[in-house]
Structures are given as C-alpha cells and as structure tokens.
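Geometric and topological summary
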Amino acid sequence: MGLFDKFKKEDKNQTLRNKYLRRFFLITEMASSDEDLFTDIENTRSRFEHAPELNSKLAKEIDEQIYALIDSLYKTMDTVKSEARSQAAHKTLFKIDNLLQERKVLSKDFEVSPKSDFVIENGVLTSYIGNGGDVVVPPDVEVIGEKAFYNNTAIRSIVLQEGVKVIKDEAFYLCKALTYVKLPSTLARIGQSAFYSCKALSTVDMKNGLTTIDYYAFGRCSALKQINLPITIKDIKDKAFTDTDELPRSIKKKIKDINSKALD
C-alpha cells in the first residue's frame, strides 16, 4: 500500500468514526432520561471506540445495534405502534444524520464566539452585538439577561455553555432566524417569553437540571418539533408552549402531565 493510499484509508476511517460518534452523541442525548437504555448505548459506544479499525463488518454490526437502541427508545417513548418500529428506527437514523449535518450538534463543531460580540457585566450577558450566525456564548456567563438577544434576526443557532443558570424574560424574543438551541445542565430556569415567537426554531436540546419553564417561554414557536424535556422539570407555567402545533404527541403529553394549561 502506497503512502497516499494509506492516508486515504486512514482519512476514510476517521470520517466513518466521526459519523458514528455523532450518531452515538445524539441518541445518548435522546435516551438520557432512561437509565437502562443510556447504559446500553454507552456500552456500545465503548466497544466502538476501542475497536482498532472501523471496518465494514463492524460498521454494519454497530448500525444494527444503533437500530435496536433506537427501537428500544421508541418502545420507551411509546410513540409508534410495534409493527412500525423497525421502519421508524431507520427513518430516525436518517433524520439523525440530516440533523447533524444541518445543525452541527456536536459541541466541538462550534467555536466560541469572540467576547467582543457580547456585553457582559459580572457574569450577566446583557446584550449581543455580533454579526449573528452560529453563536456560542463564552464560558464565564451565568445569566442571559432580559432582552439580551431581543428581535435579533441574524442568529441561526445558540449554544449556552456549562455555567449558565438562568435565561431571563424575553432574552431571545422574536429571533426569527433562530433554528437550534443547545442548553447546559447548569440551567435551572427559562424566563417568561424567553423564546417567544422564534418561528423558525425547530430543535431545543435541554439537559437534566432544568426545573422551570415560565409563561409563554416557547409560545408561538410554530416550527418546534424536537425538544427533549428533562426528568428534572417540575414547573411548566400556563401557555409556556402555546401555538406549538408541530410538537410530537408524546412531548405534548409530557407537558400536559406537568401542567394541563401549558399548551393553551
């Protein structure tokens, strides 16, 4: 094997590894509320990461395990009938790849935005003055201040790093181009109308640790389809998810179980 062929093979192998690591990342996030399923996924991931080479046989085997894990997830969520689970699992995997390609779900795909893009005072981000696009808030921020991103039509995605504890009222109100939000495990509260009328917002990645979603927090987020409600949530205020018709039935049920008026 020539040097070029060797590098080509190694590059292809690394590309495949990255692809599967991203799949594992997303389904781990999806399964975070199910301890047994989470353990299964982590065991499969460990086996994958310690394999000396990702050959086609191992890739196929891992694919089958991923399908099985997604199938188990569907059973846990009880969102599809048994005869449709296999097909649904394949579709979900396809969606996973599309989502990863579209939204750069892995945090390593994001670069922290320059501090000059923000006004930060004593840990409180009071305003954003950057050019938009994919925004990653600096790690020394603890509070996203009231109206900090209000009516910003240039940001497409927002990543809040570990350390952020509160999103204040109307922080992302009317961010019409915002499609993806990643929240940290340190976040405890999402304030009133925090993401109100973010009509392009389709995915919100939440972590266990969040306890409160305030009035109208995601009101009129008409494109919202993917949101993983943490098991730590105790309080969802009235109308927190008003006019979010695209939410899956299973998520709506979880919301209603906490507050029957949250979707009104």
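The text that follows walks through the structure, step by step, so that each part is easy to find. Quick caveat: nothing in here was measured; it's all calculated off a predicted structure. (Residues numbered from 1 in each chain as written. Predicted model: local features only at pLDDT ≥ 70, side-chain atom pairs only at ≥ 80, totals over all residues. Heavy atoms only, no water.)

A full pass over the atoms with the stated rule returns zero disulfides. Of all cysteine sulfurs in the structure, the one in Cys 198 sits closest to Cys 175, which takes part in no disulfide; the separation is 4.9 Å. By relative accessible area, Cys 175 is classed as buried at 0%. Unpaired in terms of disulfides, Cys 221 finds its nearest cysteine sulfur in Cys 198, a separation of 5.1 Å. Overall, Cys 221 belongs to the buried group, its relative accessible area being 0%. (Disulfide = S-S within 2.5 Å. Buried < 20%, exposed > 50% of the residue type's maximum accessible area, 1.4 Å probe, protein only.)

All right, on to the pairing of strand E5 (residues 155-159) then. Of all five residues making up E5, four are buried, and the element is well covered by its neighbours. Relative to E5, strand E3 (residues 133-136) runs parallel, the two being bridged by four bridges. By the bridge assignment, Val 136 is partnered in E5 with Val 159. In the sheet, E5 pairs with strand E7 (residues 180-182) via three bridges, with the strands oriented parallel. (Helix = DSSP H or I, 4+ residues; strand = E, 2+ residues; numbered from the N terminus. Pairing = 2+ DSSP bridges.)

Here we take up helix H5 (residues 249-258). Listing the buried residues of H5 in full gives Ser 250, Ile 251 and Ile 255. An end-on view of H5 places all buried positions within 140° of arc, on one side of the element. Turned more than 90 degrees off the buried face of H5, the exposed positions are Arg 249, Lys 253 and Asp 257. (Arc of directions from axis to C-beta.)

Here we take up the sheet that holds strand E1 (residues 118-121). To summarise the sheet geometry, strands pair through backbone hydrogen bonds and adopt either a parallel or an antiparallel arrangement. Taken in spatial order, the seven strands line up as E1-E2-E4-E6-E8-E10-E12 in an open sheet, and their pairing is mixed. Bordering the open sheet on either side are E1 and strand E12 (235-236), each of which pairs with just one other strand. Note that strand E6 (residues 166-167) and strand E8 (residues 189-190) share two bridges and pair parallel. Residue Ile 167 lies in a different strand from E8, and its bridge partner there is Ile 190.

If you walk through the whole model with that rule in mind, you get eight salt bridges. Note that Lys 147 and Glu 170 form a salt bridge whose closest N and O atoms lie 3.5 Å from each other. Placement of Lys 147 in the loop between strand E4 (143-144) and E5 and of Glu 170 in the loop between E6 and E7 is noted, with a sequence separation of 23 residues between them. Salt bridges sharing partners connect three or more residues here, namely Lys 182, Asp 205 and Lys 207. (Salt bridge = Lys/Arg side-chain N within 4 Å of Asp/Glu carboxyl O.)

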